[in-house]
Structures are given as structure tokens and as C-alpha cells.
Amino acid sequence: MNKTVAKKPAAKKTTVTKTMVKKAAPKKTVAKKPAAKSAYAQAGVDIDLEATAIKSLIKNLKYKRKGKYKMMGAVGHFAGLIDFGPLALALTTDGVGTKMLVADEQEDWTTVGIDCIAMNVNDLYVMNMEPVSFVDYIATDKLSIDKMAQIGKGLNEGAKQANIDIVGGETASLRGLVNGLDLAGACLGVQEKKKIITGEKIRPGNKIVGIPSTGIHSNGLSLARRVVEKYGSYDEKLKNKKTLGQELLTPTRIYSEVLKVTAKCTVHGMCHVTGGGLLNFKRLSKYGFVIDNPIKPPEVFDWIRKKGDISDEEMYRTFNMGMGYAYVVPEKSVACVLKMVKGAKVVGTVVKEPGAWLGNLEIT
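In short, a report on the structure. Quick caveat, the model's predicted, so the values are computed rather than measured. (Residues numbered from 1 in each chain as written. Predicted model: local features only at pLDDT ≥ 70, side-chain atom pairs only at ≥ 80, totals over all residues. Heavy atoms only, no water.)

Observations regarding the state of the cysteines
And then number 1: Applying the stated rule across the entire model yields one disulfide.
And then number 2: Each sulfur of the disulfide joining Cys 265 and Cys 336 lies 1.9 Å from the other. Between Cys 265 and Cys 336, the disulfide has an S-S torsion of -75 degrees and is therefore left-handed. Here Cys 336 lies in helix α11 (residues 334–340) and Cys 265 lies in the loop between α8 (258–264) and β8 (269–272), a separation of 71 residues in the sequence. (Disulfide = S-S within 2.5 Å. Helix = DSSP H or I, 4+ residues; strand = E, 2+ residues; numbered from the N terminus.)

If you want it as C-alpha cells, here you go:
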């Protein structure tokens, strides 16, 4: 992610939950990172290293197709676009990640298929692409008929929610290379070129309308698992009567209402809040995004924050914190989105200075 240090925007009065956001010092413009490794890095995922590694890979992707059906735009948005005459095709690929280890611990693989499809189709919705077909990839050290059957049920439910066909897939037995089972997939989307939303119309003053998540979704599980296994157990119950295991396995929400919203409301950009938390907004525009009235995070996030002694900045750059998706719209379109999407809430504003902020706290 770009780490441009920008002047702190003049944020509106902050109404964020007191327990989740520390009040910034009056003249502090950038939240300094601790010298020690972040909790997420200690759990095995270094976001900064990952970003650098990805840049190292992308800089070597220089070849461009000759002839028709070329790539549109550049690598870096949520989905890659392909010129297909009056239409554009889009491709995404993603997986369930270490949430599979939680499924193994709970011996429940019935919902991870939903996660696999959700992580792909939600990246298509961001550009207003309609998901149409999907292929899965399963790599394992040892096949289990029961486990495969349960995964199939989740994939089928995810396909139903997203209205897509699962047209094929691949299962690879890779003993010695894979330990356990990894589930991933790729999705194809299509849209008329004139209806594609890239974020290029985003301007300062636009409003950010947040949409609730169903929980942790399928990002940050390395850190979440580390905290649960070190300071609690998967059987521990929260105040909402759900166990931590149930919370961590709650499937990712599929935001299939997006296509209906964009058909009726003017939308300048959209964000799927995945790994990297609020940093995902920086993929949309050169402008900045101030979240000064966030959706209240579900109880599981507060449990992880307190038990793991994790800073607010790291929580909001690792998890979705209760906001799994967001629309960036002109002020005149706010009412339209709020009316169409249950739980939608104005959470912030676009500003001129580049960056992502939680109130006065810059997320870097």
C-alpha cells in the first residue's frame, strides 16, 4: 500500500465508539507505528512485507496481449478487466485462507464454500460487475469424502446467493507440499462498459456509506486464531451466547444487492473491506477517506482487541471491524442507498488529502 504521509484532514466531530478509538493528540498528523512487530506479523502475516512482495511481482508483469480482448486499465483494483467489445469481462481469484484451520478445529466445513465465493464475487461487485461463473481449486494432502461433501454444500449455497454457475474446478492431492486442505477459486464477471464503476468519479465531499459485515469474514484469521488459542478457546461463549468458534466460522456476507443499488442510485465508487481494513479505500482514488462515524464493531472484535492487547490502528488495518462493504456517493444519493440497503449508515467523507483515517487517527 502507498504510504504517503499527508496532512491530517479536518475531520468532523468524531462519534466513534469510545472503547475502540483513542483520541489523537491535538497536533499529531500521523499515527506512529510501534518499533516492535505488529501482532498480525507475529501471527505470521506481515501486511507491509506482503505489499512490497506484491509490488516486486507486479513490476515483472510487462507482457501485453496483442490483438483483440486486451486488458483494460492497470493491475491494482479489486478485479482485472478485459475488453470484450461493447462489454467488459472481469476476473477475480481468492481463497478462504486460514479460516480453513478453524473449520478443521470445529470439524465443520459446511460454510467455507460460501466464504470462497463471497471473497471473489464481492471484489467484482466493487466495479459493478455481474458475477456469472466460478471455478474452485482444492489442494489437499489427503482426500476426505465427508469434508468434500460439506464444502460442496457451502459452494452451492454461495452460488445460490450470488446467482452464479459453478462451471468446473480442480482437486489436487499434494501430499508433502500441502498440509491439510486449501480452498480457493476464481470468478468471471461481465458488464456493459458504460456501467463499470472504478472510483474515477470520486471527489472530495462525497459521502461514505458503510454496510455491515457478518463478522470477521475471511480476513485476519491468522491473528484472530492466535488470540483465541492463546487467551481463550473456540468453545468460549461471548455475551451474545455464540462461541468464538461459531463467530470465526460465520460466513462472509455476499453483497448481491449491489447491482440493484447501482441501477437506482448514483454511485462513484465502492469498497470491499477485506485484509488491510480501511487501507482498502486507498485502492479507489487519489483522495482521502475519513471514517469518523463507523459502524459499531460486533462483540468478537472487541474481545480480540482486549485479549490480544491490540491497538485500534492495527485492528482497523487488519479486520473489517463490522463494515464489510461501502459505497462512495454524492451527498444527493445518500438517501437512495440508505433506503435500499438494510443497516446502511453514513460513516464518513472523502477529503482532498490522500490517506485513510479513523477519526483523527491515520491508518498506515
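Moving on from the coordinates now.
Quick notes on helix α5 (residues 145–162)
And then number 1: Between its terminal C-alpha atoms α5 stretches 26 Å, which fits the 26 Å expected from 18 residues at 1.5 Å a residue.
And then number 2: Among the structural elements, α3 (99–106), α4 (112–125), β4 (130–140), β5 (165–173) and β6 (181–192) are those in contact with the buried residues of α5. (Expected span 1.5 Å × (residues − 1). Contact = heavy atoms within 4.5 Å.)

Comments concerning the packing of aromatic side chains
And then number 1: Per the stated rule, a full pass over the model turns up five aromatic pairs.
And then number 2: For the ring pair Tyr 325 and Tyr 327, a centre distance of 5.5 Å and an interplane angle of 65 degrees mean the geometry is edge-to-face.
And then number 3: Take Tyr 325: its relative accessible area is 0%, and that puts it in the buried class.
And then number 4: On the accessibility criterion, Tyr 327 (0% relative accessible area) is buried.
And then number 5: What links up through ring pairs into an aromatic cluster is the set Tyr 255, Tyr 325 and Tyr 327. (Phe/Tyr/Trp six-rings, centres within 6.5 Å; stacked < 30°, edge-to-face > 60°. Buried < 20%, exposed > 50% of the residue type's maximum accessible area, 1.4 Å probe, protein only.)

Here's the deal with unusual backbone geometry
And then number 1: The phi dihedral of Tyr 69 falls on the positive side, at around 65 degrees, and the residue is not glycine.
And then number 2: Turning to its location among the elements, Tyr 69 is positioned in the loop between α2 (47–58) and β1 (71–72).
And then number 3: The backbone phi angle of Asp 309 is positive, close to 55 degrees, even though this residue is not glycine.
And then number 4: With respect to the element layout, Asp 309 can be found in the loop between α9 (299–308) and α10 (312–316).

Focus on the pattern of salt bridges
And then number 1: Counted according to the given criterion, the structure contains nine salt bridges.
And then number 2: With a closest N to O distance of 3.0 Å, Asp 115 and Lys 99 form a salt bridge. Residue Asp 115 is located in helix α4, and its partner Lys 99 is located in helix α3; the two are separated by 16 residues in the primary sequence.
And then number 3: In this structure, the salt-bridge partner of Lys 195 is Glu 192, at a minimum N-O distance of 3.4 Å.
And then number 4: Here Lys 195 falls in the partly exposed class, since its relative accessible area comes to 41%.
And then number 5: One continuous salt-bridge network, built from bridges that share partners, spans Glu 192, Lys 194 and Lys 195. (Salt bridge = Lys/Arg side-chain N within 4 Å of Asp/Glu carboxyl O.)

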